[in-house]
Amino acid sequence: MVYSRYGGMLYSYVLQFVPDKTEAGALLVDIFSRLAPQLQEAFDSSLSVYCWLQVESRKMILEHLRSKGMGTAAGAILGRGPGTTVSYFSLLEDAPPEHQWVFRELFLYGKSKEELARQCGKDLAYVSQLLRECLGMIRKNLG
Amino acid sequence: MNIELYLQSGIVESYALGLATQREVEEFEQLLPHYPELKEALRDFEYHLELFSIDNEVPPPAEVRKRIEDRLRELPAISDPRQGGTRGGRTEFVAATETSHHIRVHKIWRTLFIAVFVLAKIFLILAIYYFIQYRHAEKALRQSPPSPAASQK
């Protein structure tokens, strides 16, 4: 039942990180078989079942990408990545490139704000500000 | 705490997207039960995120469902020791201490209780009615003069 309802949504979510459909399918199998026994946690969580599934899936996807040494190589996927459907990045299409970069590094590659601040030679407050603006745009564009 | 400012920090979106740090998550979960505004903002964001995801969902390859089912079948059946269970054909019991003063019964008992209660009331009313009737009859008998046939004997 959970798969029938959320399978397509999660597959589309996985494709944001892993554009290859075969690899995304294999990841989806991993995600559902690992999360199915923990579903009670989803019902006990403060998050909705779908958001809980997303959050937990993201952890597994990032773990998978890191194990493959793809922490930063998943591609410059922005907007519509190759083989992917509309991703959350489509909600940031109008954002300046720096904003998109911050969101991509944090969301797709699981980097910390501290890492990003070091990487771009700015302070943490600056990165936090960009992320805050990105999240505001996402909220606004969602509805 | 200025909850408006806190909401504007993007914490709700960070939390729902899994971008919040462990410290932020703990703080948010502590505040959540105390601020309905947070709960509302979270529900609203989740709702729109889910709608967006429904609009953009991609059907997974057909074999994925089968592979998940196969994988789940391979998982060992884990029974919660608190629930008791059988292991090696032997039934295991877990000692339980009852602390509640309440009992839970089947719903049919509610109907039965109401029926018994109503019947009891009906019988009580009938009993009172017949008792009064009996008293009236007894009184009437005592007051009525003896019949001539009875007096001749």
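Attention in this report is confined to the structure presented alongside it. All figures in this text were calculated on a predicted structure; none of them were measured in a lab.

Cut-offs and rules
- Residues numbered from 1 in each chain as written.
- Chains lettered and ligands numbered in written order.
- Predicted model: local features only at pLDDT ≥ 70, side-chain atom pairs only at ≥ 80, totals over all residues.
- Heavy atoms only, no water.
- Helix = DSSP H or I, 4+ residues; strand = E, 2+ residues; numbered from the N terminus.
- Contact = heavy atoms within 4.5 Å.
- Buried < 20%, exposed > 50% of the residue type's maximum accessible area, 1.4 Å probe, protein only.
- 1 Å grid on protein atoms, 1.4 Å probe; cavity = no way out; pocket = protein on both sides within 12 Å on 5 of 7 lines; lining within 4 Å.
- Points joined across faces, edges and corners; volume = space filled by probe spheres on them.
- Nonpolar A, V, L, I, M, F, W, Y, C, P; charged D, E, K, R; others polar.
- Salt bridge = Lys/Arg side-chain N within 4 Å of Asp/Glu carboxyl O.

## Regarding the side chain of S14 of chain B
Then comes step 1: Following the sequence through the fold, S14 of chain B ends up in helix 2 (residues 11-17).
Then comes step 2: Apart from the residues within four sequence positions on either side, S14 of chain B is in contact with L135 of chain A together with L19 and A20 of chain B.

## Concerning the environment of M1 of chain B
Residues and elements named next belong to chain B.
Then comes step 1: Looking at the secondary structure, you find M1 in the segment before helix 1 (3-8).
Then comes step 2: On the basis of relative accessibility, which here comes to 55%, the residue M1 falls in the exposed class.
Then comes step 3: On a C-alpha basis, the gap between M1 and L31 in space is 9.9 Å, while along the polypeptide they are 30 residues apart.
Then comes step 4: In contact with M1, other than residues within four places in its own chain, are Y6, L31 and Y35.

## Brief notes about empty space enclosed by the protein
Then comes step 1: On inspection of all chains with the given rule, the structure shows one cavity of 30 Å³ or more.
Then comes step 2: Roughly 50 Å³ of internal volume is contained in the largest cavity.
Then comes step 3: Residue lining of the largest cavity: 11 residues in total, with S12, Q16, Y50 and Y88 of chain A together with S53 of chain B positioned closest to the centre.
Then comes step 4: At the level of secondary structure, the elements contributing two or more residues to the lining of the largest cavity comprise helix 1 (2-17) and helix 4 (49-67) of chain A together with helix 4 (36-55) of chain B.
Then comes step 5: In the lining of the largest cavity, the residues fall into six nonpolar, five polar and no charged.

## Re the pattern of salt bridges
Charged atoms that come close allow side chains of opposite charge to pair.
Then comes step 1: All chains considered together, the criterion is met by 14 salt bridges over all chains.
Then comes step 2: One salt bridge connects R71 of chain B with D30 of chain A, and the closest N-O pair in it is separated by 2.9 Å. With one member in each of two chains, R71 of chain B in helix 5 (residues 63-74) and D30 of chain A in helix 2 (residues 21-35) form a pair that bridges those chains.
Then comes step 3: Among the ionic pairs, R104 of chain A bridges to E105 of chain A, the shortest N-O distance being 3.9 Å.
Then comes step 4: Residue class for E105 of chain A comes out buried when judged on its relative accessible area of 6%.
Then comes step 5: The structure contains a network of salt bridges with shared partners spanning R104, E105 and K111 of chain A.

## Some points on the layout of surface pockets
Then comes step 1: Counted as a void, the largest pocket has a volume near 700 Å³.
Then comes step 2: When contributions to the lining of the largest pocket are tallied by element, the ones reaching two or more residues are helix 3 (39-44), helix 4, helix 6 (113-120) and helix 7 (124-142) of chain A together with helix 3 (22-31) of chain B.
Then comes step 3: For the lining of the largest pocket, the element with the highest residue contribution is helix 4 of chain A, accounting for seven residues.
Then comes step 4: Here the lining of the largest pocket is built from residues that sort into 11 nonpolar, eight polar and 11 charged.
Then comes step 5: Of the voids in this model, the second largest pocket is the one considered here, and its volume is about 260 Å³.
Then comes step 6: The wall of the second largest pocket is formed by 15 residues, among which K113 and R132 of chain A together with S9, I11 and E24 of chain B lie closest to the centre.
Then comes step 7: Among the elements of the structure, helix 7 of chain A together with helix 2 and helix 3 of chain B are those that each provide at least two residues to the lining of the second largest pocket.
Then comes step 8: The leading source of residues in the lining of the second largest pocket is helix 7 of chain A, at four residues.
Then comes step 9: Of the residues belonging to the lining of the second largest pocket, the class tally is six nonpolar, four polar and five charged.

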